[in-house]
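So the chains spell out like this:
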Amino acid sequence: MKHLASTRSPEEYSALIENLRDFIDTEVIPRESLSTAHDGAEVRRTSQALNDLATARGLSGPRARREDGGLELSWTECCAYLEQAGRSFLGPLALGCAPPTQPDVFALERLATPAQRERYLLPLLRGERASCFAMTEPSPGVGSDPRMLSATARRTADGWQIDGHKWFISGAMKADFAIVVARTESGPSWFLVDMDTPGFQIVRDIPTMEPFDIGGHAEILLQGCKVSADALIGEEGQGMAHSQLRLEGARLFHCMRYIGLASRAMSIAQDYALRRESQGVKLAEHQMVQAMVADAHIQLYASRQVVLDVARRLDEGDSIRHHSSMAKVFVSEAVYQVADSAVQICGALGISEDIPLSMILRMLRPFRIYDGASEVHRAAIARRALHHGLTP
């Protein structure tokens, strides 16, 4: 099914992007406090204040429907929008397009019942509630291999009982509800679980390398956690298909945002190279520095083209499973290399927290693991190519 294109004129879209660029430059980046980057509560307070400012400027969820307060952008239009939003650590949070909210919204818009829409999706879109997606488990549970899902959900007289152990659940420390993936008799299934449900316990917030916390990475125990029959999302046994639906959009949004963050990193490095002298000349005059700058521009240009192609395919209603895997691997590795080069150009200053570069590097590194490790995607890409006769 072909997706609906935006009804905006090119002029209206250009004005929207310019409004967003100005908002990020004048409101969001100035509020980034590197000294409180590891203070989750302060980051959330700042993000909420910025969200109010964004709403006042007509900037909000890019994919959400207009009647739900969103911009209803096409996937192609999201490329420039998310790149601008992603230039700041706080941009996606301020604009309601940060994970896990954005991919959860994308999935619930397609799978939620009318009652689930009223109770969970609409408050999520309005910023009144926060979500998390609980699938990953400690060994021997599910990680990169979805067949290893160990959490279970069994039918009871009036609903379901869920038992399981989850960890690295992004956003769970600030979430009001979770989308829990558990195995039923029919196979993996999705359930909506309010965080205050008896039997749902947050064990701890697992520290990670990322600054500007978006809600932590919780370890969760579900022990005799009972939910009503209408907590089931979509069709029982179709949890893996639902997860694939969620991940395709999530991967693309990650790519868009992180292109913006990597671009900012290289801009900082270029400015530094034009000021700093070494061996009697500016760093910018050294050919090795010039090579790093040139390679960064090449990598970012290629990344934008890859993401734009996948976005166009989504707008046409095509399956993007193969192409989104290739985009995710390419972009996740390219943006990290760009940020790494930016740190190298800036030397000791680059690894400090006096400027944002080391934090950008730490934000980008996990993307090679999140939403499927590069090695897992490469294996899947190769299997499809070899067994389905795909030509490069």
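Residues numbered from 1 in each chain as written. Predicted model: local features only at pLDDT ≥ 70, side-chain atom pairs only at ≥ 80, totals over all residues. Heavy atoms only, no water.

A. Seen up close, the overall build of the protein. For the protein, the count of helices and strands is 11 helices and 10 strands. In terms of overall size, the protein behaves like a compact globule, its C-alpha atoms giving a radius of gyration of 21 Å where 392 residues would be expected to give roughly 21 Å. Every one of the 392 residues in the protein was classed for burial, and the buried ones make up 54%. Taking contacts inside the protein between residues at least 6 apart in sequence as the whole, the part at least 24 apart equals 73%. Carbon and sulfur atoms form 53% of the exposed surface of the protein, whose accessible area is close to 17,800 Å². (Helix = DSSP H or I, 4+ residues; strand = E, 2+ residues; numbered from the N terminus. Rg over C-alpha atoms; globule rule 2.2 N^0.38 Å. Buried < 20%, exposed > 50% of the residue type's maximum accessible area, 1.4 Å probe, protein only. Contact = heavy atoms within 4.5 Å. Areas by Shrake-Rupley, 256 points an atom, 1.4 Å probe, with all protein chains shown as cover.)

B. Helix H10 (residues 357–364), seen in detail. Counting buried residues in H10 gives 8 out of 8 residues, a clear majority hidden from the surface. Within the span of H10, buried status applies to Leu 357, Ser 358, Met 359, Ile 360, Leu 361, Arg 362, Met 363 and Leu 364. Next to the buried residues of H10 lie helix H7 (239–275) and helix H9 (321–351).

C. Summary view of the nonpolar core. Ranked by size, the top nonpolar core spans 73 residues in total, and within it Phe 23, Tyr 81, Leu 95, Met 256 and Leu 364 carry the most contacts. Within the residue set of this core, elements represented by two or more residues are helix H1 (10–28), helix H2 (40–56), helix H3 (75–86), helix H4 (91–94), H7, helix H8 (287–315), H9 and H10. For Tyr 81, the residues in contact, after removing those within four places along its chain, are Tyr 13, Leu 16, Ile 17, Leu 20, Leu 59, Ser 60, Pro 62, Leu 71, Leu 73 and Leu 95. Counting residues in each nonpolar core, the second largest holds 23 residues, with Cys 132, Ala 153, Ala 175 and Ala 231 among its members. (Core = buried A, V, L, I, M, F, W, Y, C linked by side-chain atoms within 4.5 Å.)

D. Geometry of the state of the cysteines. Counted according to the given criterion, the structure contains 0 disulfides. As a non-bridged cysteine, Cys 79 has Cys 78 as the owner of its nearest cysteine sulfur, 7.3 Å distant. The exposure class assigned to Cys 79 is buried, which follows from its relative accessible area of 12%. For Cys 225, which is in no disulfide, the shortest distance to another cysteine sulfur is to Cys 132 and amounts to 12 Å. (Disulfide = S-S within 2.5 Å.)

E. Quick peek at the packing of aromatic side chains. Per the stated rule, a full pass over the model turns up 8 aromatic pairs. Consider the rings of Phe 133 and Trp 190, whose centres lie 5.2 Å apart with planes at 65°: the pair is edge-to-face. Of this pair, Phe 133 sits in strand S1 (residues 131–134) while Trp 190 sits in strand S5 (residues 187–194), and the two are 57 residues apart along the sequence. Geometry around Phe 133 places Arg 246 over its ring, the cationic atom sitting 4.0 Å from the centre. Directly above the ring of Tyr 336 sits Arg 368, whose terminal nitrogen or CZ lies 5.2 Å from the centroid. (Phe/Tyr/Trp six-rings, centres within 6.5 Å; stacked < 30°, edge-to-face > 60°. Lys NZ or Arg CZ within 6 Å of the ring centre and 35° of its normal.)

F. Quick look at the packing of H8 against H9. Taken N-terminus to C-terminus, the directions of H8 and H9 make an angle of 155°; their axes are 9 Å apart at the nearest point. Relative to H9, the element H8 is oriented roughly antiparallel. Viewed along their axes, H8 and H9 form a crossing whose handedness is left-handed. Looking at the contact of H8 with H9, its residues break down into 16 nonpolar, 7 polar and 2 charged. (Axes fitted to C-alpha atoms, helices over the stretch in contact; angles between N-to-C directions. Parallel < 35°, antiparallel > 145°, perpendicular 65-115°, else oblique. Left-handed = near helix turned anticlockwise from the far one by under 90°. Nonpolar A, V, L, I, M, F, W, Y, C, P; charged D, E, K, R; others polar.)

G. Representation of the side chain of Ser 263 in the model. Among the structural elements, Ser 263 can be located in helix H7. If we ignore the near neighbours within four places in the chain, the residues touching Ser 263 are Leu 300 and Arg 304.

H. Looking closely at H2. Counted at 1.5 Å a residue, the expected span for H2 with its 17 residues is 24 Å, and the 25 Å between its end C-alpha atoms agrees. The inward-facing, buried residues of H2 abut H1 and H4. With a side-chain oxygen positioned 3.2 Å from the backbone nitrogen of Ala 41, the residue opening H2 is Asp 39. A positive phi of about 75° marks Gly 58, the residue just after H2. (Expected span 1.5 Å × (residues − 1). Polar contact = N/O pair within 3.5 Å; in protein donor to acceptor, adjacent residues only side chain to side chain.)

I. Structural context of unusual backbone geometry. The residue after Pro 99, namely Pro 100, is reached through a cis peptide bond having omega 0°. Note on placement: Pro 100 falls in the loop between H4 and helix H5 (101–111). In the segment running from Ser 139 into Pro 140, the intervening peptide bond is cis, with an omega of 10°. Mapping Pro 140 onto the fold places it in the loop between S1 and strand S2 (152–156). Backbone geometry at Glu 72 places phi at a positive 55°, although glycine is not the residue there. Relative to the helices and strands, Glu 72 resides in the loop between H2 and H3. For Glu 72, a relative accessible area of 32% gives the class partly exposed. One non-glycine residue with positive phi stands out, namely Asp 371, at about 60°. With respect to the helices, strands and loops of the structure, Asp 371 is situated in the loop between H10 and helix H11 (374–387).

J. Region of the structure containing the pairing of strand S3 (residues 159–170). The pairing of S2 with S3 spans 5 bridges and is antiparallel. Paired with Arg 155 across the strands is Trp 160, a residue of S3. With antiparallel pairing between neighbouring strands as the criterion, S2 and S3 make up a hairpin whose turn holds 2 residues. (Pairing = 2+ DSSP bridges.)

K. Inspection of the pattern of salt bridges at higher detail. Applying the stated criterion across every chain yields a total of 22 salt bridges. For Asp 309, the salt bridge identified is with Arg 313, shortest N-O distance 2.9 Å. Linking Asp 309 with Arg 313, this pair stays in helix H8, spanning 4 residues, or about one helical turn. We classify Asp 309 as partly exposed; its relative accessible area is 31%. Judged by relative accessible area, Arg 313 falls into the partly exposed class, the value being 27%. (Salt bridge = Lys/Arg side-chain N within 4 Å of Asp/Glu carboxyl O.)

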